[in-house]
2 protein chains.
Amino acid sequence: MNTSANWMRVFGMIGLSLWLSAGALAQPSAATSSMSMDLAEVRQKALAETLAFNVLESLTTEVGPRMAGTPGDASARVWAIAKLKELGFEKVYSEPVQYPVWERGRASCEVVKPYPQRLELAALGGSIGTGNKPLLAEVMMFDSVKALTDAKPESAVGKIVFINQRMLRSKDGSSYGPVVMARVAGASLAAKIGAKAVLIRSVGTDANSRSPHTGVMRYDNMLTRIPAAALGNADADLLERMILRGQPVRLKLDIQARTRKGQYTGANIIGEFTGSEFPEQIVAIGGHLDSWDLGTGALDDGAGVAMTIAAAKLVTAQKRPKRTIRVVLFANEEQGVFGGKAYAESAKAKAEVKHHVIASESDFGSGRIYELSIKASAPEIAEMQPLFDALKPLGIEQGENDATGSADFGPIGLLGAPVADLKQDGTHYFDIHHTANDTLDKVDQVDLAQNVAAWAVFTYFFANR
Amino acid sequence: MNTSANWMRVFGMIGLSLWLSAGALAQPSAATSSMSMDLAEVRQKALAETLAFNVLESLTTEVGPRMAGTPGDASARVWAIAKLKELGFEKVYSEPVQYPVWERGRASCEVVKPYPQRLELAALGGSIGTGNKPLLAEVMMFDSVKALTDAKPESAVGKIVFINQRMLRSKDGSSYGPVVMARVAGASLAAKIGAKAVLIRSVGTDANSRSPHTGVMRYDNMLTRIPAAALGNADADLLERMILRGQPVRLKLDIQARTRKGQYTGANIIGEFTGSEFPEQIVAIGGHLDSWDLGTGALDDGAGVAMTIAAAKLVTAQKRPKRTIRVVLFANEEQGVFGGKAYAESAKAKAEVKHHVIASESDFGSGRIYELSIKASAPEIAEMQPLFDALKPLGIEQGENDATGSADFGPIGLLGAPVADLKQDGTHYFDIHHTANDTLDKVDQVDLAQNVAAWAVFTYFFANR
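Now for a description of the structure that goes with this document. Residue positions are counted from 1 within each chain, in the order its sequence is given. Labels follow written order: the first chain is A, the first ligand is 1, and so on. Residue-level local features of this predicted model are given only where pLDDT is at least 70; pairs of side-chain atoms are given and counted only at 80 or more, and the full residue set underlies all totals for whole chains, interfaces and linings. Excluding hydrogens and water, the side-chain values take into account all heavy atoms of the structure.

### Focus: the packing of helix α3 (residues 51–62) of chain A against helix α8 (residues 298–318) of chain A
In a pair of packed helices, the angle between the axes and the distance between the axes together describe the arrangement.
Residue and element names in this part refer to chain A.
Reasoning step 1: Where α3 meets α8, the closest approach of the two axes is 8 Å, and the angle between their N-to-C directions is 135°. Judged by the angle between their axes, α3 and α8 are oblique. As α3 packs across α8, the resulting crossing turns out to be right-handed. Side by side, α3 and α8 meet where Leu-51, Ala-52, Val-55, Leu-56, Leu-59 and Thr-60 of the first sit next to Ala-298, Gly-302, Ala-303, Val-305, Ala-306, Met-307, Ile-309, Ala-310 and Lys-313 of the second.
Reasoning step 2: Charged means Asp, Glu, Lys or Arg here, nonpolar means Ala, Val, Leu, Ile, Met, Phe, Trp, Tyr, Cys or Pro, and polar covers whatever is left, Gly included. For the contact of α3 with α8, the per-class residue count stands at 12 nonpolar, two polar and one charged. Interaxial angle, 0 to 180 degrees, is taken between N-to-C directions of lines fitted to C-alpha atoms, where a helix line uses only the stretch in contact. Strands here mean DSSP runs of E at least two residues long; helices mean DSSP runs of H or I at least four residues long; both are numbered from the N terminus. Roughly parallel covers angles under 35 degrees, roughly antiparallel covers those over 145, roughly perpendicular covers 65 to 115, and oblique covers all other angles. Two helices that cross are described as forming a left-handed crossing if the nearer one is turned anticlockwise from the farther one by less than a right angle, and a right-handed crossing if clockwise. By definition, residues are in contact when any of their heavy atoms lie within 4.5 Å.

### Observations concerning the sheet that holds strand β3 (residues 107–113) of chain B
Residue and element names in this part refer to chain B.
Reasoning step 1: Strands were regarded as paired on the criterion that DSSP finds at least two bridges between them. Across the sheet, which stays open at both edges, the eight strands sit in the order β4-β3-β10-β6-β7-β8-β9-β5 with mixed pairing between neighbours. Each having just a single partner strand, β4 (117–119) and β5 (121–123) make up the two edges of the open sheet. Across the sheet, the mean angle separating the axes of adjacent strands is 35° when strand polarity is ignored.
Reasoning step 2: Relative to strand β9 (residues 228–231), strand β8 (residues 197–201) runs parallel, the two being bridged by four bridges. Bridging across to β9, Val-198 finds its partner in Ala-228.
Reasoning step 3: Against the sheet, helix α6 (residues 176–192) makes contact with β7 (160–163), β8 and β9, and its axis sits at roughly 150° relative to β8, the strand it touches most.
Reasoning step 4: Along the sheet, helix α7 (residues 233–244) makes contact with β3, β4, β6 (135–142), β7, β8, β9 and β10 (250–255), crossing β4 at roughly 130°.

### Structural notes on the layout of surface pockets
Reasoning step 1: A pocket, in this scheme, is an open set of points on a 1 Å grid over the protein atoms alone with protein on both sides within 12 Å along at least 5 of 7 lines, while a cavity is a set where a 1.4 Å probe fits but cannot get out; residues line either one if an atom lies within 4 Å of a point. Grid points are joined across faces, edges and corners, and a volume is the space filled by probe spheres set on the points. The volume enclosed by the second largest pocket comes to roughly 1,200 Å³.
Reasoning step 2: Taken together, 47 residues form the lining of the second largest pocket, with Asn-208, Asp-431, Ile-432 and Lys-442 of chain A together with Asn-208 of chain B sitting closest to its centre.
Reasoning step 3: If you list the elements that add at least two residues to the lining of the second largest pocket, you get α13 (429–432) of chain A together with α13 (429–432) of chain B.
Reasoning step 4: Broken down by class, the residue content of the lining of the second largest pocket amounts to 10 nonpolar, 21 polar and 16 charged.

### A short note on the packing of aromatic side chains
Within a pair of aromatic rings, the relevant descriptors are the distance that separates the centres and the angle that separates the planes.
Reasoning step 1: Under the pairing criterion, centres of Phe, Tyr and Trp rings, with the six-membered ring standing for Trp, must be within 6.5 Å; the plane angle then separates stacked pairs below 30 degrees from edge-to-face pairs above 60, leaving the rest tilted. Following the criterion strictly, the structure yields 28 aromatic pairs over all chains and no others.
Reasoning step 2: Taken together, a centroid distance of 4.6 Å and an interplanar angle of 25° make the contact between Tyr-176 of chain A and Phe-430 of chain A stacked. You can see Tyr-176 of chain A sitting in helix α6 (residues 176–192) and its partner Phe-430 of chain A sitting in helix α13, a full 254 residues away along the chain. For the pair Tyr-176 of chain A and Phe-430 of chain A, one class covers both residues: buried.
Reasoning step 3: For a lysine, the NZ atom is tested; for an arginine, the CZ atom; a charge sits over a ring if that atom is within 6 Å of the ring centre and within 35 degrees of the ring normal. Positioned over the ring face of Tyr-115 of chain A is Arg-245 of chain A, at 6.0 Å from the centre of the ring.
Reasoning step 4: Lying over the aromatic face of Phe-338 of chain B, Lys-341 of chain B brings its terminal NZ or CZ to 5.8 Å of the ring centre. Burial classes: relative accessible area under 20% of the type maximum marks a residue as buried, over 50% as exposed, and values in between as partly exposed (1.4 Å probe, protein chains only).

### Structural notes on the sheet that holds strand β7 (residues 160–163) of chain A
Residue and element names in this part refer to chain A.
Reasoning step 1: Overall, mixed pairing links the eight strands, which are arranged β4-β3-β10-β6-β7-β8-β9-β5 in an open sheet. Either end of the sheet is taken by a strand with one partner, and the two such strands are β4 (117–119) and β5 (121–123). The mean angle between the axes of side-by-side strands here comes to 35°, regardless of whether they run parallel or antiparallel.

### With respect to the nonpolar core
Reasoning step 1: In plain words, nonpolar cores are sets of buried Ala, Val, Leu, Ile, Met, Phe, Trp, Tyr and Cys residues tied together by side-chain atoms within 4.5 Å. Leu-372, Ile-374, Phe-458 and Phe-462 of chain B are the most contacted members of the largest nonpolar core, which has 102 residues in total.
Reasoning step 2: Excluding its chain neighbours within four sequence positions, the residues that come into contact with Ile-374 of chain B are Ile-358, Ile-381, Met-384, Leu-387, Phe-388, Glu-400, Asn-401, Ala-403, Val-419, Ala-420 and Phe-462 of chain B.
Reasoning step 3: Membership of the second largest hydrophobic core comes to 100 residues, among which are Ile-200, Ile-309, Leu-448 and Trp-455 of chain A.

### Some details on the relation of the copies chain A and chain B
Reasoning step 1: Rotating chain A by 180° about the axis while translating it 0.0 Å along that axis superimposes it on chain B, leaving an RMSD of 0.0 Å. Expressed as an axis order, the relation between the two copies is that of a two-fold axis. No C-alpha of chain A lies nearer the rotation axis than that of Ser-211 of chain A, which sits 4.4 Å from it.
Reasoning step 2: Interface overlap between copies: 100% of the residues of chain A at the interface are likewise at the interface in chain B, consistent with a symmetric, same-surface contact. In this comparison the copies share one frame, found by least squares on the C-alpha atoms of residues holding pLDDT of at least 70 in both.

### Section: the environment of Ala-436 of chain A
Reasoning step 1: Looking at where Ala-436 of chain A falls in the secondary structure, it is placed in the loop between α13 and α14 (445–464).
Reasoning step 2: With relative accessibility at 15%, the residue Ala-436 of chain A sits in the buried group.
Reasoning step 3: Along the sequence, Ala-436 of chain A and Glu-345 of chain A sit 91 residues apart, while their C-alpha atoms lie 33 Å from each other.
Reasoning step 4: Setting aside its immediate chain neighbours within four residues, Ala-436 of chain A contacts Leu-294 and Gly-295 of chain A together with Arg-210 of chain B.

### So, the interface of chain A and chain B
Reasoning step 1: Counting residues at the interface gives 31 residues for chain A and 31 residues for chain B.
Reasoning step 2: In this assembly, chain A packs against chain B so that about 2,300 Å² is buried in total across both faces, 43% of it on carbon and sulfur atoms.
Reasoning step 3: In what follows, salt bridge is the name for a side-chain nitrogen of Lys or Arg lying within 4 Å of a carboxyl oxygen of Asp or Glu. Scanning the region where chain A abuts chain B turns up six salt bridges.
Reasoning step 4: Put simply, Arg-245 of chain B and Glu-62 of chain A hold a salt bridge, and the shortest N to O gap is 2.7 Å.
Reasoning step 5: By the criterion applied in these results, polar contacts are pairs of N or O atoms within 3.5 Å in which, for protein atoms, one can donate a hydrogen and the other can accept it, and in which residues neighboring in sequence qualify only through two side-chain atoms. Our count for the chain A to chain B interface comes out at 20 residue pairs in polar contact (both at pLDDT 80 or more).
Reasoning step 6: Looking at the side of chain A that touches chain B, the elements with two or more residues in it are α3, β4 and α7 (233–244) of chain A. Buried area counts how much accessible surface, traced with a 1.4 Å probe, disappears from two parts once they are put together, with both parts' losses summed.

### Quick notes on the side chain of Gln-117 of chain A
Reasoning step 1: Mapped onto the elements of the fold, Gln-117 of chain A is located in strand β4.
Reasoning step 2: Among all residues touching Gln-117 of chain A, those that are not within four sequence positions of it are Cys-109, Glu-110, Val-111, Leu-238 and Met-242 of chain A together with Thr-60, Thr-61, Val-63, Gly-64, Pro-65 and Thr-296 of chain B.

Structure, rendered in C-alpha cells:
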C-alpha cells in the first residue's frame, strides 16, 4: 500500500530537517558526534524499512484475534516465538503468566416497547451473563457516571441502567479516563441503586458507527454482580431518542458471557539480542500480544508488537549493541495487565530490576509519535540531549518528566526501573479502539515507519550510549 | 444537529444565486413570472424546514429496520398511514402487494486452515442456507465476475468460490452495475462450475469497514442453488491475503437463511392531496418503505420517503394544487421491486397511467441533487424552462433525456407514464449502502434540505403549471 509519493513525502521532510539541524551541531564533542551520526543513520534506515508492517500483516493475517485464553492467544505465542527466531533474535523464551478466562458468548438486545427493534451491543470483558432466560426490564438513562453516582438508593430497582456519557476527542488520550469509569465501574454503581443490568454508550469517539467498543469491567465484591454491555454510538443515539420521547422503554437483554473456573496459563514471550559490553544491562521495549476478540488487534496492540520487534531488529542489524536489547510481548494486558505484573515479579525475583537501563511499551495504535517523555532526574535528562536531537527531525519534542512506561512496564516502573513514553497522536485511536474495525487497513504505513524510526533511535541510544 | 452556521451557508449560496439570476429574468411573461416567483418562494420555505428530518427521525427511531415480511414491515405501514394522516394528507390508503418472505437466520464463517480466525459476513437476500451442518470446503478466488464467467466447467467442484471484485467510487452510481453482478448472479455462475457456495467481496466502496453489505441475489432455475454471502471489505482483504500465501484455505460456513413457503401480503401506502382544477391528473412522487434488516434504513430509503412526504406537504401548505399530488411509499423494493410492479398494474387496471403528469422516486440516499433529467420530447422540455431555472440556485443542472423514474416508477414508466430523475451525488452512498451502518447519523441535514427544496419545486411546478 506504500506509494513512492508517500516515501518521497517522508524523505523530503527528513532531508530538510537534517539540513537545518546540521548548522546547530557546529562543534560537538567526538563522542556526541559519533552517536549523533549513528542515530541519524538508524533513523534513515528505519524510515525506509517495511519490516514492522510485514510483521503486523503476518500477525493479523495468520493469527487474527487473540483474546486471553482463547485458541488465538495460544496461536499468537506460537507465532511470536517463530517470528522472533526467524528474525534472528539470539534468545527467545517464554515466562508463564496465569489469568482467568472470560468467554464472550452471544449477546443481543431488543427494544420490546414502545418501538420494537434490535440494538447492537457487545458484552464487557469480565461481565456475567443474564442467565438461562433473557432479562426483560425498563431502561433508566443517566447522562454521566457522576449522575449515576449521585443517584438515590433504590432509585433503579429492577431497571436496566443506561449510562449515556459521550467520549470527547483528544490527541493524548486524556479524554479516555473520565469516560472509561462508565465501563469499568458502571455495573457496580448501577447495582448499588438496585439495577438488574447496565448498558453503556461505547467508550469511543466514532460518532456514527454501529460497532460497539468492548473493554474490561470490574465488580465491587461488596455488591451484587449484574451483566454489563456497551451499545455502539449509533445505537446509544437511537436508545436516547426513544427514551426522550417520554414513554417507558422496555428492553430484552440476552447475554451469555461467563468467566471460566480456574486459571489459564499463558506466557510473556521474550526475544533478546545480547549486549557485547554490558550484557546484564537491559533495554526493554515491547507491546502486548493479546487483543480483544472483535477485531484482529491491528492497532491494539499489533502495532506496538510489530514496531518494537522491528526497531530491535533494525538497530542490531546496524551493529551489535553494547547492552542487551529485550523485546517483551506481554500476555493479557487487556483484562488486567497480567503480563506486565508477572514481568515485574519475575524481574524482581531475578534481581533484574536495577539492570533495566530503560523500559517502554508501545500501546496506543500507530499514530505518529509527537513527544518523548522520560522519568529521570534533570542531570540524567541533560545527558540524553543527543537522543532528543535525533528525534526532532521526526517531529518529536522533549516532554515532561511524567513517563509511566505504559501499562505493561508500569509495574516494573513502580519497582524503580527507569521508564519512558513515546507518546503517539491518538486523535483517531478511539474511533476503532476495541471494536471489530480494529483491522490492518487502519494502519497508515508512513506513520508506522515514523514510529519505527523513533523506537529504533530510542533503542539504539540506550543500548549503545 | 443543524447549526446556524450551516443554514447561513445554504442561505448565503442561495441568496447570491438569486441575485445573479435576477438579471437574467429581465422580461419574463406574466405567467412565467408568477410561476417563477411561486417556485422561488417554495424553494426558500423548503430550505428553512426540518420536516423531512423529523419524519426520517420518526421512521428510524419508532420503526427502524423494516425488511419485507418482517414485523418491521408491518410496523412501517402502520407508521406511514398514521404519519400521512397526521400531516393532513386528504386521502390515505393502501394497495396490497404480494411477495415471498426471506429470513436471514444466523450466518458465520471461520477459516479452519491454515490460519484459524472468524470472518464477518452477511447472507445475501434470497439465499438458501447451508443445511443442518456447516459446510466445510476449500476456497477458490476469482478476481472478477468475468474471470468466473470464463472459468472452465467443473473447475470449482466442491469448492467455495470467492469473488474478489472491488467496487469503484462514482458520483452517479455508475460503478455499481458492473460489480453488483457478483452479488446477483454470483451463486449461479459458481454453481455452474461445481461450487458448493459463493462468497463475494461486499458491493460497497468503504475500504476499511468490517460491515458486510447485503442485497438481493437471484438463482438461475436451470442450476443448482447454493448459499451466497458477502464478506465485509476488511474481511475480503484478509481472506485475499491468506489465499495469496499459497496454501489451501479451508472455510467452515454456517448459513441458516431460507425463503418461507407461500406469499406475504404487504402494501403500497399512498397519500394524496386532491387537485382543485384537474383532480384526475396525478403528480406521483415517493420512495420505498421497506429497507434491509441490518441498519435502520435511514438512507435506503428512509430519506426518499421523508423528503417526498415533506415536499408534498410543503407545496400544498403554500396553496391548494391544481393537480393531485400523490406520494407513494412502495412495498418491498429491495427484493424485487414488488411495490413498483404492483403500482403499475394497479394504475393500468384503474386506467390511471395516462393521467400521470409525471412520476419520480427518490432512492439514492440524501446526497445533494445535481441534475434533473426528464424523459420527454424537446418541445415539452422547452416548456419546463421555469422549472430548470428555479432549480439552478440549488446547484441543479438540466440533464439528458434519460430518466427512468428510479426503480419503483420504472414499471409505470415502461407503460408510458412520463418519468423524471432528480439525480443525487452518490459519491459516499455505497460506503454504507445495505450495511448495519445505514443509520440516522449519516444524514446531513443541510443536504437533506437541498433535496426537499428540489422536490418541492419539482412537485409544485408539475402540480400547478
